[in-house]
Amino acid sequence: MTEISSPDQVHGVAVAGSEPAQSQLNLGTLERHDDISPEDFYTKYFKPRRPVVFRSFSKAWPAREQWTLDYFREAHGDIMVPVYEEAFADSGAAYGASDDRMPFREYLDLIEAGPTRKRLFLFNIFKHAPELCGDFDFPRFAPKWARRHPFMFFGGQGSHVDAHFDVDMSHVFLTQFHGTKRVVLYGPEWSNHLYRHKFTVSHNVDLGNPDFDRYPRLADAKGYECILEDGDTVYMPSGYWHYVYYETGGFSLALRSPITGPAGRMHMLYRVLALTVGDYSMTKLLGQKRWYAKKEEMAQRKADRLP
Ligand SMILES: O=C(O)CCC(=O)C(=O)O
């Protein structure tokens, strides 16, 4: 996800510490590998765009040992960090606006102390502390990397990131360091079943507590689920929807492999323009609440017409 796609998409209602009711969704368990070679990964997963969890991605990284809550607190605790909470998309929250700022040290204390909805989203700590880039590398698991856009994600127990796909259409490799999170994935072919809002990369459905009366076609969408633990990397192919629920406080690093080829790049450009120009213009024209209601109505109608 680029900085353009924003916490406007983060509009869920899960209560900190509550368990999501994902068992009702049609989810298979993601395949897992302790060790897979870059060549096998490319043939079996990257090329056919199949998500998977594996552990060999980060095994050579010094970060595996070094990056702990204590380390970040001591070495980088003074950095002022933008903190997000769940924000309803129709509540008037501005694109990209964080809810609060605080010293990193205080934020880490908070997520260690117990459940909290507060998250750091798309946090580029490397701008503040470039030396951290020496603690990991870009492994041979993808042909190309967006080297200037490594992002970190932190969250407290019970927080979640509502489902979305990344507007830059990158392939994402999300590596867990501390704590446990549940990740739910759907391929782009299910976007209408997920009631995607026009021009955006998100929807109004709360996958943590799905409302099948309101969104009946959601039940037909076939997705995947995995639990990410320290050392696991989930590969999320380009365009995959992802919903993340923090079972415990924790953090991860996302490395991104940009989409290649003219068709892929055109699609990325279309998505970025749709979100930044299309959605923005309609919001200006109709006002946030009316445009949101309209997007919701259109998504419902589209889903009703599905075979
Ligand atoms: O793990 C998270 O908190 C969110 C990850 C995410 O949304 C992403 O990598 O695009």
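Above this note sits the structure.
Rules used throughout
Residues numbered from 1 in each chain as written. Predicted model: local features only at pLDDT ≥ 70, side-chain atom pairs only at ≥ 80, totals over all residues. Heavy atoms only, no water. Helix = DSSP H or I, 4+ residues; strand = E, 2+ residues; numbered from the N terminus. Buried < 20%, exposed > 50% of the residue type's maximum accessible area, 1.4 Å probe, protein only. Areas by Shrake-Rupley, 256 points an atom, 1.4 Å probe, with all protein chains shown as cover. Pairing = 2+ DSSP bridges. Axes fitted to C-alpha atoms, helices over the stretch in contact; angles between N-to-C directions. Arc of directions from axis to C-beta. Contact = heavy atoms within 4.5 Å. Near = heavy atom within 4 Å. Polar contact = N/O pair within 3.5 Å; in protein donor to acceptor, adjacent residues only side chain to side chain. Nonpolar A, V, L, I, M, F, W, Y, C, P; charged D, E, K, R; others polar. Salt bridge = Lys/Arg side-chain N within 4 Å of Asp/Glu carboxyl O. Core = buried A, V, L, I, M, F, W, Y, C linked by side-chain atoms within 4.5 Å.

Peer 1: Explain the overall build of the chain residue by residue, including any values.
Peer 2: When its secondary structure is counted, the chain shows seven helices and 14 strands. Burial analysis of the chain (307 residues in total) assigns 55% to the buried set. Carbon together with sulfur atoms contributes 52% to the accessible area of the chain, which is approximately 13,300 Å² in total.

Peer 1: Can you lay out the sheet that holds strand E1 (residues 26–29) for me, pointing to particular residues and giving the numbers?
Peer 2: The sheet built from five strands is open, its strands ordered E1-E11-E10-E13-E8 with mixed pairing. A single partner strand is all that each edge strand has here, and the edge strands are E1 and strand E8 (160–164). The average angle at which neighbouring strand axes cross in this sheet is 25 degrees, direction not considered. One ladder, built from three bridges, connects E8 with strand E13 (residues 241–246); its direction is antiparallel. Within E13, the position partnered with His160 by the bridge is Tyr245.

Peer 1: Residues and numbers for helix H3 (residues 69–76), please.
Peer 2: Among the residues of H3, those classed as buried are Leu69, Phe72, Arg73 and His76. Around the axis of H3, the buried residues are gathered within 115 degrees of arc, so they sit on the same side. For H3, the secondary structure elements touched by its buried residues are helix H4 (104–113), helix H5 (125–128), strand E7 (151–155), strand E9 (171–178) and strand E14 (250–257).

Peer 1: Break down the site of the ligand for me, citing the residues and quoting the values.
Peer 2: Lining the immediate environment of the ligand, one finds Phe153, Val161, His164, Asp166, Val172, Leu174, Lys181, Met236, His242, Val244, Tyr246 and Ala254. Within the side chain of Lys181, an N or O atom sits 2.7 Å from an oxygen atom of the ligand. Within the side chain of Tyr246, an N or O atom sits 2.5 Å from an oxygen atom of the ligand. For the ligand, whose unbound accessible area comes to 290 Å², protein coverage reaches 100%. Those elements that place two or more of their residues in the shell around the ligand are E8, E9 and E13. A total of three residues in the shell around the ligand trace back to one element, the largest contributor, which is E13. Within the shell around the ligand, the residues separate by chemical class into eight nonpolar, two polar and two charged.

Peer 1: Explain the pattern of salt bridges residue by residue, including any values.
Peer 2: Scanning the model with the defined rule gives 20 salt bridges in all. Here Asp220 makes a salt bridge to Arg217, at a shortest N to O gap of 2.8 Å. Here Asp279 ties to Lys295 by a salt bridge, and the two come within 3.0 Å at their closest N and O atoms. On the criterion of sequence distance, the pair formed by Asp279 in helix H6 (residues 262–286) and Lys295 in helix H7 (residues 288–304) is long-range, its members being 16 residues apart. One salt-bridge network, held together by shared partners, links Asp70, Arg73, Asp109 and Glu112.

Peer 1: Tell me about H4, and name the residues and values.
Peer 2: Among the residues of H4, those classed as buried are Phe104, Tyr107, Leu108 and Ile111. Down the axis of H4, the buried set is contained in an arc of 100 degrees. They therefore lie on one face. Downstream of H4 by one or two residues, Gly114 has phi in the positive range, about 155 degrees.

Peer 1: Describe the nonpolar core, and please don't skip the residues or the numbers.
Peer 2: Nonpolar side chains in soluble globular proteins tend to be buried together. Of all hydrophobic cores here, the largest spans 39 residues; its most connected members are Phe41, Trp67, Phe72, Phe104, Phe154 and Phe173. Looking at this core, the element that brings in the most residues is H4, giving four residues. Apart from residues lying up to four places away in sequence, Trp67 is in contact with Phe72, Phe126, Leu132, Asp135, Phe136, Met152, Phe177, Phe251 and Leu253. By size, the runner-up hydrophobic cluster in this structure holds 26 residues, among which are Met169, Tyr195, Val272 and Ala299.

Peer 1: So what's going on with the pairing of strand E11 (residues 222–228)? Which residues, and what values?
Peer 2: Where E1 meets E11, four bridges bridge the pair, whose relative direction is parallel. Within the sheet, the bridge partner assigned to Thr29 lies in E11 and is Glu225. Looking at chain direction, strand E10 (residues 181–186) and E11 are connected through five bridges and run antiparallel. Note on E11: the bridge partner recorded for Val183 is Cys226.

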